[in-house]
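These are the residues of each chain, in order.
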Amino acid sequence: MGVGGVGSHGEESVGTRTALLIMREAFFGTRRFDDFAKRVGVGEPAAAARLKELTAAGLLERVPYREPGQRTRHAYQLTRKGRDFLPVLVALRQWGDTWAADEQGPAVVVRHKDCGAEVRAALRCGEGHDVADGETYVDEGPGLLRVEPDAS
């Protein structure tokens, strides 16, 4: 088990730059292996390894497709677990746009289809209140494992 009770539920699979970029590309609509490798800017072995890890973690799934006259190949699509990763990517992009974008501004902006406004990540409690910096605390969760001190 990792630091702070983080276990192996897929977090490790998205812990690399390449994995995050592959997930970003999946949200942008990339589906094919070659396109992931090209758009992320990594070699085929690295792309294959990350796609395999993301698939094993349940964030992506391989689906067969076949172009006329060609053999069956596999494309990758987001699973429900993978789609639930969108707020993480939005928050990382938002942070990067604030602290790392150059004077020209961000390269891409994610917008709401209905109104065109920029999509932003926000912290809210389960009751729907916006939560500001300094307004949180860490509490024991139901999955916390307690280790009793050795009595020797």
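Check the entry above for the structure.
Enquirer: Any details on the overall build of the protein? Residues and values, ideally.
Expert: The number of helices and strands found in the protein is 5 helices and 2 strands. The linear arrangement of helices and strands in the protein, starting from the amino end, is α-α-α-β-β-α-α. Over its C-alpha atoms the protein spans a radius of gyration of 19 Å, topping by over 25% the 15 Å that the globule rule assigns to 152 residues. Every one of the 152 residues in the protein was classed for burial, and the buried ones make up 22%. Counting contacts in the protein only where the partners sit at least 6 residues apart, residues at least 24 apart contribute 45% of the total. For the protein, the exposed area adds up to about 11,500 Å²; of that, 52% sits on carbon and sulfur atoms. The distance from the centre of the 21 positive side-chain charges to the centre of the 23 negative ones in the protein is 12 Å.

Enquirer: Any chance you could break down the packing of aromatic side chains for me, citing the residues and the numbers?
Expert: The relative placement of two aromatic rings is captured by the distance of their centres and the angle of their planes. This structure, assessed with the given rule, holds 1 aromatic pair. Ring geometry for Phe36 and Tyr76: centres 6.2 Å apart, planes at 80 degrees, overall edge-to-face. With Phe36 in helix H2 (residues 33-40) and Tyr76 in strand E2 (residues 73-78), this pair connects stretches of sequence that are 40 residues apart. Pair check on accessibility: Phe36 and Tyr76 agree, each one buried.

Enquirer: Describe the pattern of salt bridges, with residues and values.
Expert: As enumerated under the stated definition, the model contains 8 salt bridges in all. Across the pair Arg32 and Glu67 runs a salt bridge whose closest N-O atoms are separated by 2.6 Å. Residue Arg32 is found in the loop between helix H1 (17-28) and H2, and its partner Glu67 is found in the loop between strand E1 (60-65) and E2; the two are separated by 35 residues along the sequence. Overall, Arg32 belongs to the partly exposed group, its relative accessible area being 36%. Among the residues examined, Glu67 registers a relative accessible area of 31% and is labelled partly exposed. Here Glu118 makes a salt bridge to Arg120, at a shortest N to O gap of 3.8 Å.

Enquirer: Describe the environment of Met23, with residues and values.
Expert: If you trace the backbone, Met23 turns up in helix H1. The spacing of Met23 and Phe85 is 62 residues in sequence and 8.4 Å in space, taken between C-alpha atoms. Excluding anything up to four places from it in sequence, Met23 contacts Val14, Leu54, Leu59, Leu60, Leu78, Gly82, Phe85 and Leu89.

Calculation notes
- Residues numbered from 1 in each chain as written.
- Predicted model: local features only at pLDDT ≥ 70, side-chain atom pairs only at ≥ 80, totals over all residues.
- Heavy atoms only, no water.
- Helix = DSSP H or I, 4+ residues; strand = E, 2+ residues; numbered from the N terminus.
- Rg over C-alpha atoms; globule rule 2.2 N^0.38 Å.
- Buried < 20%, exposed > 50% of the residue type's maximum accessible area, 1.4 Å probe, protein only.
- Contact = heavy atoms within 4.5 Å.
- Areas by Shrake-Rupley, 256 points an atom, 1.4 Å probe, with all protein chains shown as cover.
- Lys, Arg positive; Asp, Glu negative; His and termini not counted.
- Charge placed at Lys NZ, Arg CZ, Asp CG, Glu CD.
- Phe/Tyr/Trp six-rings, centres within 6.5 Å; stacked < 30°, edge-to-face > 60°.
- Salt bridge = Lys/Arg side-chain N within 4 Å of Asp/Glu carboxyl O.

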